[in-house]
Structure formats: C-alpha cells, structure tokens
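The primary structure of each chain is shown beneath.
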Amino acid sequence: MHDRIAVLIPCYNEAVTIGKVVDDFKRELPEATVYVYDNNSSDDTARIAREHGAVVRHEPRQGKGNVVRQMFRDIEADFYLMVDGDDTYPAEAARALLAPLERNEADMTVGDRLSNGSYDEENDRAFHGFGNDLVRWLIKSIYGYAFDDVMTGYRAFNRTFVKTMPVLSAGFQIETELSIHAVDKRWRIVDVPIAYRDRPEGSESKLSTFEDGAKVLMAIASLFRECKPFAFFGWIALLFFALGLVVGIPVIIEFIQTGLVPKLPSTVLATGLVFCGALAITAGAILDTMAKGHRKMWELEVYRVEQESRRARAERQE
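Residues numbered from 1 in each chain as written. Predicted model: local features only at pLDDT ≥ 70, side-chain atom pairs only at ≥ 80, totals over all residues. Heavy atoms only, no water.

1. Considering the overall build of the protein
Moving on, step 1. If you tally the helices and strands in the protein, you get 11 helices and seven strands.
Moving on, step 2. The C-alpha extent of the protein, read off along each of the three principal axes, is 85 × 50 × 35 Å.
Moving on, step 3. Within the protein, buried positions represent 47% of all 318 residues.
Moving on, step 4. Of the contacts made within the protein by residues no fewer than 6 positions apart, 76% connect residues no fewer than 24 positions apart.
Moving on, step 5. The positive charge centre, built from 38 side chains, and the negative charge centre, built from 47, are 6 Å apart in the protein. (Helix = DSSP H or I, 4+ residues; strand = E, 2+ residues; numbered from the N terminus. Buried < 20%, exposed > 50% of the residue type's maximum accessible area, 1.4 Å probe, protein only. Contact = heavy atoms within 4.5 Å. Lys, Arg positive; Asp, Glu negative; His and termini not counted. Charge placed at Lys NZ, Arg CZ, Asp CG, Glu CD.)

And the structure:
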C-alpha cells in the first residue's frame with residue numbers, strides 16, 4: 001500500500017497524549033494515514049492510538065532512532081510527516097510543513113520552535129536551550145549551514161529523502177543525524193516557524209539532558225569523521241604537529257647553539273608526535289577518497305529512487 005501522506009508518530013509511554021495527537025492530525029490531514037509505532041510502552045499507548053483510528057505497529061528495539069529506522073523501511077508514501085506523540089507540536093502546522101515538499105521546493109522541512117520564542121517561553125527544562133544552541137553552532141561551524149532549530153522532532157520529508165536516508169542512530173541522536181545528513185548531502189531544507197507548547201500535566205519527557213546530550217555530541221563527532229574525514233583527521237594532524245613543535249623547538253635551538261642533542265627523550269617524543277601527525281593526514285586523505293566514492297554511489301541511488309517515485313506517482317494519476 002502506498003500512501004500520499006503518512007504521519008509517523010514514534011511513541012513510548014504516551015497514553016496521556018496520544019489520543020489527542022492522533023485526533024488532531026486526522027482532523028488536519030484527513031487524507032493521510034496516521035502510523036503510531038509503539039516502542040515497548042508499559043501503558044495503554046498502543047490501545048488508545050488504535051481506538052482513535054491510527055495504524056499501530058510495534059518496534060521491540062528500544063530507542064527513537066530504532067523506531068524511525070523501521071518506519072522509514074516499512075512505510076511507502078509520497079510525503080512523510082514525523083512528529084512526537086507528546087502533544088507539544090501543533091497539528092495545525094502540518095500543511096505548512098508539507099507545502100514546500102508538495103511544491104517541490106524542499107526535500108526536508110523543519111518545524112522551527114525557536115524563531116518565534118515559543119520554545120523559550122514554554123520549555124522549563126534546564127540546559128535544553130543551551131544544548132540546542134551548541135548543536136546548531138557545531139553544525140554551522142563544520143558544515144556551514146545554520147539551522148533555526150536542529151533538535152526539533154517535527155519534520156516532513158519527501159520519499160526520496162526517506163528511502164535514501166541510512167539511519168544509524170539508536171536513540172535521541174536521530175534528529176541530529178537527520179539534520180547532518182540533509183546538510184552534508186545538500187538536500188533542500190526549509191525551516192517553518194511553529195508554535196510550541198510544553199507537555200501537559202501527567203506527561204513526562206524521556207530525554208535525559210546530560211546522558212542524551214553526550215550521545216548527541218558523540219554522534220556529531222562520528223558523523224564529522226565519516227562525512228568529512230580529511231577535515232577531521234586534518235585537525236588531529238594539526239594537533240600532533242603543534243605538540244611536536246612545542247616539544248621539538250627547544251631541542252632544535254639547543255642543537256643549533258651547541259651542536260649536541262642532550263635531550264634524547266624529547267627528541268624521540270617530538271619525532272613521534274610529528275610522525276603521528278603525518279599518519280593522521282595520510283589516513284584522512286585515504287578516507288576522504290573513499291567517502292567521495294561512497295557519495296557517488298549514494299547519488300546514483302538517489303537518481304534510482306527518484307525515478308521510481310515519479311513512475312509511481314504517474315501510475316496513480318493515470
């Protein structure tokens with residue numbers, strides 16, 4: 001079965017809010033199919049979602065990234081709208097998120113909670129705003145693209161983006177991975193300002209500020225190494241070269257003045273550091289060549305999926 005619009009809702013213990021979320025999106029997008037993927041909830045999330053008309057499926061591997069990976073594999077649609085099941089994102093913004101995709105002006109749209117100040121007003125969780133700003137700054141510094149809101153869970157995608165997106169994350173790093181993938185692969189991105197509301201009473205966040213924040217930073221470093229290996233290893237090489245100079249310059253100066261090398265351990269250490277720097281830059285160059293080869297293969301896969309999507313749309317129109 002191929003849907004025109006699929007609403008994807010990953011859920012873990014959202015019994016308090018999931019009924020309203022499903023009702024809201026069925027009201028705003030009556031032509032869409034609403035999918036709720038239950039991730040081992042211990043409450044009545046699945047039952048309530050089914051009673052409200054959602055297609056309910058189960059993902060046994062714990063973690064939001066695992067749920068999103070399975071959603072992307074399972075569901076066939078022209079456009080995908082992904083939203084959390086905690087009732088913090090307005091269904092009324094769904095059309096605005098889908099519009100740039102339907103006009104073929106974007107491949108991914110991002111529900112921006114920050115530009116209008118609603119997130120700062122509603123969010124009472126310490127350090128979440130700081131973490132979002134830090135991730136935005138890192139992505140801008142590495143990739144040159146400034147997201148308005150990089151950690152939002154409200155996004156929309158076209159089919160080609162979804163079917164060529166290799167989801168590697170297991171948990172809440174998925175938003176960061178989606179953002180970096182979109183920037184690194186030069187997808188068309190549109191930020192859509194939305195209103196944000198905090199969770200209703202009785203609904204609890206599953207996000208651990210420090211534990212999940214550390215995982216997000218590690219994911220950024222891992223994706224930096226994978227997507228831009230020459231830059232990643234170039235910085236490591238620069239560090240080794242700098243340390244080698246710090247240790248080696250006094251040895252060189254003393255040799256020039258006396259013709260002797262009395263500090264043999266420093267000489268060995270400086271040589272080793274410079275050698276490690278040379279190894280790092282060599283590894284970066286080799287991996288960069290491999291990454292470019294993988295990018296070429298991925299581009300060809302994008303062409304194939306895009307042609308497949310166009311044929312499917314044409315067949316349905318006929």
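2. Some words on the side chain of T45
Moving on, step 1. The residue T45 is located in helix α2 (residues 45-51) in this model.
Moving on, step 2. In contact with T45, not counting residues within four places along its chain, are C11, N13, E14, A15, I18 and D38.

3. Quick look at the environment of V247
Moving on, step 1. Residue placement: V247 occurs in helix α10 (residues 229-258).
Moving on, step 2. Looking at V247, the relative accessible area reads 22%, which means it is partly exposed.
Moving on, step 3. Note: C-alpha distance between V247 and T267 (20 residues apart in sequence) is 7.7 Å.
Moving on, step 4. Apart from the residues lying within four places of it in its own chain, the contact partners of V247 are S266, L269, A270 and L273.

4. With respect to the pattern of salt bridges
Moving on, step 1. Evaluation of the coordinates by the stated rule reveals 26 salt bridges.
Moving on, step 2. A salt bridge links E102 to R4, with the shortest nitrogen-to-oxygen separation between them at 3.0 Å. Here R4 lies in strand β1 (residues 2-11) and E102 lies in helix α4 (residues 94-102), a separation of 98 residues in the sequence.
Moving on, step 3. Given the relative accessible area of 40%, R4 is considered partly exposed.
Moving on, step 4. One salt-bridge network, held together by shared partners, links K20, D24, R27, E28, D87, E92 and R197. (Salt bridge = Lys/Arg side-chain N within 4 Å of Asp/Glu carboxyl O.)

5. Some points on the packing of aromatic side chains
We describe a pair of aromatic rings using the distance from one ring centre to the other and the angle between the two ring planes.
Moving on, step 1. One pass over the structure, following the stated rule, counts 10 aromatic pairs.
Moving on, step 2. Look at Y89 and Y154: their rings are 5.4 Å apart centre to centre, the planes differ by 45°, and that puts the pair in the tilted class. Of this pair, Y89 sits in the loop between β4 (76-82) and α4 while Y154 sits in the loop between α6 (128-143) and β6 (155-158), and the two are 65 residues apart along the sequence.
Moving on, step 3. The class for Y89 is buried, based on a relative accessible area of 6%.
Moving on, step 4. Given the relative accessible area of 0%, Y154 is considered buried. (Phe/Tyr/Trp six-rings, centres within 6.5 Å; stacked < 30°, edge-to-face > 60°.)

6. Here's the deal with the sheet that holds strand β2 (residues 33-38)
Moving on, step 1. Taken together, seven strands build an open sheet; the order of strands is β3-β2-β1-β4-β6-β5-β7 and the sheet is mixed. Taken across any chain shown, the strands that pair with only one partner, and hence form the sheet edges, are β3 (55-58) and β7 (189-193). In this sheet, neighbouring strand axes are inclined to one another by 25° on average, regardless of whether the strands run parallel or antiparallel.
Moving on, step 2. Direction of pairing for strand β5 (residues 108-112) relative to β7: parallel, over a ladder of five bridges. Each residue of the ladder has a partner; that of D112, found in β7, is P193.
Moving on, step 3. Strands in contact with helix α8 (residues 174-184) are β4, β5, β6 and β7; relative to β6, the strand with the most contacts, it is inclined by about 45°. (Pairing = 2+ DSSP bridges. Axes fitted to C-alpha atoms, helices over the stretch in contact; angles between N-to-C directions.)

7. Examining unusual backbone geometry
Moving on, step 1. Even without being glycine, N104 reaches a positive phi, approximately 60°.
Moving on, step 2. Mapped onto the fold, N104 is located in the loop between α4 and β5.
Moving on, step 3. For N104, a relative accessible area of 52% puts it in the exposed group.

8. Observations concerning the nonpolar core
Moving on, step 1. Counting residues in hydrophobic clusters, the biggest one holds 41 residues, and the most contacted among them are L8, F72 and F157.
Moving on, step 2. Not counting the four nearest positions on each side in its chain, F72 is found in contact with L8, F157, V162, K163, M165, V167 and L178.
Moving on, step 3. Formed by 33 residues, the second largest nonpolar core is a distinct cluster that contains A32, I48, F79 and L98. (Core = buried A, V, L, I, M, F, W, Y, C linked by side-chain atoms within 4.5 Å.)

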